[in-house]
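# Notes for the structure review
Here is what each chain is made of, one letter per residue.
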Amino acid sequence: MSSELEPETVYDMVVVHRENDVRVVTLQLFQLYTLRKLDRHFKPVIPFGPHLFGSGKTKFVQSYLELVNNMGESALIGLDYVYESEKANRRGFLEKLKRASLLYADLRRLEPTVPIEFFRNLKWAVYYLLIKAACSQVGAEIFRKIPSDQYLLIAFDEVGVLDESLDEFHFKRTHDGRVRPYNDFFGIISQLCKEPDLFFIVVGKSEGLNIYNYVASVSRVQLVFIPLSPLEKHSIVEHLEKSSSFLFPGSPKVSEILCHKDFSTSELAELLLELTGGVPGLLVRAISYLLLYKSSNNNFLLSKETFLIIMNGFLVTNYCVAPFLPRLISLSEQRKRLLRMLTLLSLYRIRFDFDETVQISSNSDVFLFDLVTDMCLYRRLVIEPDCNERYEVLIPKLLIEYIDQGLKDDRLEWLLLQTLKSQSVEFFYESKCRILEGLIATLFYLHFSRRSTNSSMFSTLGQLSRVWNEMNLQFSSESAAYYMKSIHYTRTVSGMERMTFGSNNEWERIVEEMLEFERIYIPFHSTFHSPIYYSFKLHGRTNEKNLIVGIACKGRWSRNGIRWNEILEEAHKFLKAVHDQVLTSHPTWHCMLIIMSTQLATNVSEDLNHSSRCYSSGDSVGEFLIPHNCELVILSEADVENFIGKDILSNLRKAFKSVDNPHSRNIGVSTLQEIVLSLSKNI
């Protein structure tokens, strides 16, 4: 199982789900072809992929021409929407592109040349690299006369090495003495673009070269972004069914090796998506590890349980993420602080536009798109119903452990990452309440785990509840503040059934292992408009006294606030279940349900005299009698606002007022940073 066994030596990886990327590249190559014909002083167009390890950029550029041939006319956008004369022009270009030769040049092999007059000359070093690449790929054939009608496509990979080459080459300096190696490099390409049958693709992550509003202009070259989005489940299924392994006789398909009648390809794809986020580099390394494991354990049958056991091991995690480690370890303190905001974006699936910016200092902004890449994270492209392209931050679960290791003293980031790790990919579906629930859960945890004595919310609950005040409470452990699903594992939304946590077994495991008290099953009813409960257990200073706390969040963003019947539904579901299943066996334990709403119905606020109130055991609330050793706390809008922050709550209300599923522009990146700042103050 040596890490020296790279995935390429384990199985033949078929490239899937790259049709959109092929169209983007082909269109830019066609534009370069057109510009050459129209203008002697044209500005070259180069497809550019500024991605980190794992995005599939190398495999994509190496397979591009094969993908073009497989796609046929669909590889070039616009053939159905142009005049016949233009169609002929585009078809002619596409036919020649299909017959093109690919020259792959790895810039990690770029080095100064000899003789001395050319030493440290970047232009000659690039030319020499191309000659070496040509000789290694096609041998002596490169010296034969190339047909006049054949295109040559040059793919430069690992362009980021230019960040580290300042001492190796003589670069031009600006008037203020600065060196910009990318201007020199793309200046060389700009000159080569004048050749009639020469085309280029450039890929590789660089700290010194970013994308701005889809295109970057460097040294009179226009760079156009190649998305290279992570794979979805159906694409992973296709990858498993088409790829084959060299490790087994006859090179069978990967799906035939790893799957069987009791464990389908779809199930394996779902687990791989959960673990890798669909990032190609992580995906192929995870598959490689499973194939290596299978080859050394011939009678082994994969299942969901064995998959989780194998893939949660340190060896496989290290095997999959090793290429990331240098980058993760070297994050600056400034970038580590920004990681909190990016984790929030990932946790709540908040979408962002290509041109949204983030303030990283008092006088410096950066595009959020570029920041995601700089932080060695990933983006998921989302095509919305209005056909707009937006992005989500993707933090694969395989990376979380290593990010966490570099942030040992960051309690907030630890909590956010562990919450993200504990959820399934589809758990945080778009919801008006999701951000509010997550914010409240995190605030409660941070308030009571570190600042319980001077927390305003702790003081408020102490004034309302005699039990809370007398028990002198403390958190049981750092693992006690996770989102808990307390209803059936699916709910109906607009006629669609969505996964909201997992299975009942997952709920029971969380309750039993993380919360350290017996299993509680809170029944689901299709007529309930239930919030997501999250629960935690507080210890008194003696082991005899414990308090189970449930929080019911209800975000109301319209004029209609939460009504009495809804409050009583939540009280009945949670308090009765906990009383019947836990408190009857533990007479010294107590249970509290806290109702937190952004807006109460007018009659509810008036009945409460616009104040928070606690109902204790034996009290009647409507037709509901509070069970023994239980309490119901309804917080006023003023106390909720004070707890969350007036400005934050106001901005969330504005965002959710107009749209159901706002992206970060609706919420405001500044609001997200304000949320992080608010949370940080409670650490």
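Here is what the cut-offs are and how they apply
- Residues numbered from 1 in each chain as written.
- Predicted model: local features only at pLDDT ≥ 70, side-chain atom pairs only at ≥ 80, totals over all residues.
- Heavy atoms only, no water.
- Helix = DSSP H or I, 4+ residues; strand = E, 2+ residues; numbered from the N terminus.
- Buried < 20%, exposed > 50% of the residue type's maximum accessible area, 1.4 Å probe, protein only.
- Contact = heavy atoms within 4.5 Å.
- Areas by Shrake-Rupley, 256 points an atom, 1.4 Å probe, with all protein chains shown as cover.
- Axes fitted to C-alpha atoms, helices over the stretch in contact; angles between N-to-C directions.
- Parallel < 35°, antiparallel > 145°, perpendicular 65-115°, else oblique.
- Left-handed = near helix turned anticlockwise from the far one by under 90°.
- Nonpolar A, V, L, I, M, F, W, Y, C, P; charged D, E, K, R; others polar.
- Phe/Tyr/Trp six-rings, centres within 6.5 Å; stacked < 30°, edge-to-face > 60°.
- Lys NZ or Arg CZ within 6 Å of the ring centre and 35° of its normal.
- Core = buried A, V, L, I, M, F, W, Y, C linked by side-chain atoms within 4.5 Å.
- Domains from an automatic or database assignment.
- Salt bridge = Lys/Arg side-chain N within 4 Å of Asp/Glu carboxyl O.
- Expected span 1.5 Å × (residues − 1).
- Arc of directions from axis to C-beta.
- Pairing = 2+ DSSP bridges.

Under the annotation held in an unreviewed UniProt entry, the protein carries the name Archaeal ATPase and is attributed to Galdieria sulphuraria.

## Observations concerning the overall build of the protein
Each helix and strand counted, the protein has 26 helices and 22 strands in total. When burial is assessed residue by residue, the protein has 56% of its 683 residues classed as buried. Long-range pairs, those at least 24 residues apart, make up 73% of the contacts in the protein between residues at least 6 apart in sequence. Accessible surface, the protein: about 30800 Å² in total, of which carbon and sulfur atoms supply 49%.

## Let's talk about the side chain of arginine 285
Considering the arrangement of structural elements, one finds arginine 285 in helix 9 (residues 280-296). Beyond its immediate chain neighbours, meaning those up to four positions away, arginine 285 contacts Glu6, Pro7, Phe53, Tyr319, Cys320 and Pro323.

## Notes on the packing of helix 8 (residues 265-276) against helix 10 (residues 304-311)
Where helix 8 contacts helix 10, the two axes come as close as 11 Å, and the packing angle between them is 30°. Of the possible angle classes, the one that applies to helix 8 and helix 10 is roughly parallel. Handedness of the helix 8/helix 10 crossing: right-handed. Facing Leu268, Leu271, Leu272 and Leu275 of helix 8, the residues of helix 10 in contact are Lys304, Phe307 and Met311. Here the contact of helix 8 with helix 10 is composed, by residue class, of six nonpolar, no polar and one charged.

## Overview of the packing of aromatic side chains
What the rule picks out here adds up to 19 aromatic pairs. A ring pair is formed by phenylalanine 156 and phenylalanine 185, whose centres lie 5.3 Å apart and whose planes are at 80°; its orientation type is edge-to-face. Here phenylalanine 156 is found in strand 4 (residues 152-157), whereas its partner phenylalanine 185 is found in helix 5 (residues 181-192), with 29 residues between them in sequence. Judged by its relative accessible area of 1%, phenylalanine 156 falls in the buried class. Given a relative accessible area of 0%, phenylalanine 185 falls into the buried group. Geometrically, the ring pair formed by tyrosine 293 and phenylalanine 300 is edge-to-face, given 5.0 Å between the ring centres and 65° between the ring planes. By relative accessible area, which is 25% here, tyrosine 293 ends up partly exposed. Positioned above the aromatic ring of phenylalanine 369, the side-chain terminus of arginine 379 is 3.8 Å from the ring centre.

## Some thoughts on the nonpolar core
Counting 110 residues, the largest nonpolar core has Leu268, Leu272, Leu342 and Ile594 as the members making the most contacts within it. Looking at which element gives the most residues to this core, the answer is helix 9, with nine residues. When residues are assigned to domains, this core turns out to be shared by domain 2 (229-408) and domain 3 (431-454 + 504-661), each giving three or more. Not counting residues within four places of it along the chain, the set of residues in contact with leucine 268 comprises Leu240, Leu258, Cys259, Phe263, Leu290, Leu302 and Phe307. Core analysis: the second largest hydrophobic core is formed by 60 residues, Met71, Leu122, Leu130 and Phe185 among them.

## Here we look at the pattern of salt bridges
Any two side chains of opposite charge can pair if their charged atoms end up close together. All chains considered together, the criterion is met by 14 salt bridges. For the salt bridge of glutamate 392 with arginine 351, the shortest nitrogen-to-oxygen distance reads 3.2 Å. With glutamate 392 in strand 12 (residues 389-394) and arginine 351 in the loop between helix 13 (333-347) and strand 9 (357-361), this pair connects stretches of sequence that are 41 residues apart. Residue class for glutamate 392 comes out buried when judged on its relative accessible area of 2%. Residues participating in the shared-partner salt-bridge network are Arg351, Arg380 and Glu392.

## Re the environment of leucine 443
Position of leucine 443 among the secondary structure elements: in helix 17 (residues 434-450). As a C-alpha pair, leucine 443 and methionine 457 span 14 residues in sequence and 9.8 Å in three-dimensional space.

## Some words on the packing of helix 8 against helix 9
Helices that pack against each other are described as a pair by the angle of their axes relative to one another and the distance between those axes. Packing of helix 8 against helix 9 brings their axes to within 10 Å, and their N-to-C directions diverge by 125°. Between helix 8 and helix 9, the interaxial angle falls into the category oblique. Handedness of the helix 8/helix 9 crossing: right-handed. When helix 8 is examined against helix 9, the residues Leu268, Leu272 and Thr276 are found in contact with a partner set consisting of Leu282, Leu283, Ala286, Ile287 and Leu290. When the residues that make up the contact of helix 8 with helix 9 are grouped by side-chain class, the tally is seven nonpolar, one polar and no charged.

## Observations concerning helix 3 (residues 84-98)
An ideal rise of 1.5 Å per residue puts 21 Å on 15 residues; helix 3 measures up with 21 Å between its terminal C-alpha atoms. Of the residues making up helix 3, those classed as buried are Lys87, Arg90, Phe93, Leu94 and Leu97. Each buried residue of helix 3 lies within a common arc of 130° when the element is viewed along its axis, so the set occupies one face. Pointing more than 90 degrees away from the buried face of helix 3 are the exposed residues Glu84 and Ser85. Looking at the buried residues of helix 3, the elements they touch are helix 1 (19-38), helix 2 (57-71) and strand 5 (198-203).

## Re the environment of phenylalanine 314
Relative to the helices and strands, phenylalanine 314 is located in helix 11 (residues 314-321). By relative accessible area, which is 52% here, phenylalanine 314 ends up exposed. Separated by 87 residues in sequence, phenylalanine 314 and glutamate 401 have C-alpha atoms that sit 9.8 Å apart.

## Here's the deal with the pairing of strand 2 (residues 45-49)
With five of five residues buried, strand 2 is to be regarded as a mostly interior element. Across the two faces of strand 2 the burial is the same, with Val45, Pro47 and Gly49 and Ile46 and Phe48 all buried. In this sheet, strand 7 (residues 221-225) lies alongside strand 2 in parallel orientation, the contact comprising four bridges. Across the sheet, proline 47 pairs through a bridge with valine 224, a residue of strand 7. Pairing of strand 2 with strand 5, which is carried by two bridges, proceeds in the parallel orientation. Within the sheet, the bridge partner assigned to glycine 49 lies in strand 5 and is valine 203.

## What to know about the pairing of strand 18 (residues 590-597)
Counting buried residues in strand 18 gives eight out of eight residues, a clear majority hidden from the surface. The side-chain alternation of strand 18 yields two buried faces, one formed by His590, Met592, Ile594 and Met596 and the other by Cys591, Leu593, Ile595 and Ser597. Taken together, the eight bridges between strand 17 (residues 546-554) and strand 18 define a ladder with parallel strand orientation. Bridging across to strand 18, leucine 547 finds its partner in histidine 590. Sheet topology note: the strand 18/strand 22 (residues 630-634) ladder contains five bridges and is parallel. Of the residues in strand 22, the one forming a bridge with isoleucine 595 is isoleucine 634.

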